[in-house]
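Descriptive structure summary
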Amino acid sequence: SDSQYRLELENKQLCDTIKELEENEEDLVAEVELLANEKYEAEIKCRSIAEDKDQLRRDLDQRIKNQADNEDECIELHEQLELTLREHNEFQEETKTAQEAHEREISALR
């Protein structure tokens, strides 16, 4: 009877331990699922950030290209302006020379 009481007590303790282990297992499974979800969400966020970074890189590259194109265009316009100014100055000089020659002819005719 005493040994049976001890067996029943040990049996109850084992049952309690099994129940506790099962509860711990459920908690661990729930935590693993939570961590798996957090990992999945972090991976999605990471991909989104990587896509944003790639888009920002493309935007920056385009801006750099546009700035280089604008600088090239500015240099070209500056060169065109200098050429136009030279041509204008040459035309003014030719006009002045022609005017002076014309005035000399008129003076000679008088």
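For the structure itself, consult the block above.
In what follows, the accompanying structure is described. (Residues numbered from 1 in each chain as written. Predicted model: local features only at pLDDT ≥ 70, side-chain atom pairs only at ≥ 80, totals over all residues. Heavy atoms only, no water.)

Overview of the overall build of the protein
- The helix and strand inventory of the protein stands at one helix and zero strands.
- Against the 2.2 N^0.38 benchmark of 13 Å for 110 residues, the protein shows a C-alpha radius of gyration of 47 Å, more extended than a compact globule.
- The dimensions of the protein, computed from C-alpha atoms along their principal axes, are 160 × 10 × 10 Å.
- Looking at the protein as a whole, 0% of its 110 residues qualify as buried.
- Total accessible area computed for the protein in this model is approximately 10700 Å², and 54% of it derives from carbon and sulfur atoms.
- Each charge class in the protein was averaged separately, 15 positive and 34 negative side chains, and the resulting centres sit 5 Å apart. (Helix = DSSP H or I, 4+ residues; strand = E, 2+ residues; numbered from the N terminus. Rg over C-alpha atoms; globule rule 2.2 N^0.38 Å. Buried < 20%, exposed > 50% of the residue type's maximum accessible area, 1.4 Å probe, protein only. Areas by Shrake-Rupley, 256 points an atom, 1.4 Å probe, with all protein chains shown as cover. Lys, Arg positive; Asp, Glu negative; His and termini not counted. Charge placed at Lys NZ, Arg CZ, Asp CG, Glu CD.)

So, the pattern of salt bridges
- What the rule picks out here adds up to six salt bridges.
- Between D54 and K53 there is a salt bridge, with the nearest N and O atoms lying 3.7 Å from each other.
- Here R57 ties to D61 by a salt bridge, and the two come within 3.9 Å at their closest N and O atoms. Of this pair, R57 and D61 are both found in helix α1 (residues 2–109), four residues apart, which corresponds to roughly one turn of the helix.
- Its relative accessible area of 39% is what places D61 among the partly exposed residues. (Salt bridge = Lys/Arg side-chain N within 4 Å of Asp/Glu carboxyl O.)

Quick word on the environment of D72
- Within the fold, D72 resides in helix α1.
- In this structure D72 comes out as partly exposed when scored by relative accessible area, which is 48%.
- Residues D72 and A98, 26 residues apart in the sequence, show an inter-C-alpha distance of 39 Å.

Focus on the environment of T95
- In this fold, T95 is placed in helix α1.
- For the pair T95 and D27, spaced 68 residues apart in the sequence, the C-alpha separation amounts to 99 Å.

What to know about a negative patch on the surface
- Among the surface-exposed residues, E20, E22, E23, E25, E26, D27, E31, E38 and E41 lie close enough to one another that they form a single negatively charged patch.
- Residue position: E25 is located in helix α1. (Patch = residues over 30% accessible without salt bridge, like charges linked within 9 Å, V, L, I, M, F, W, Y side chains within 5 Å.)

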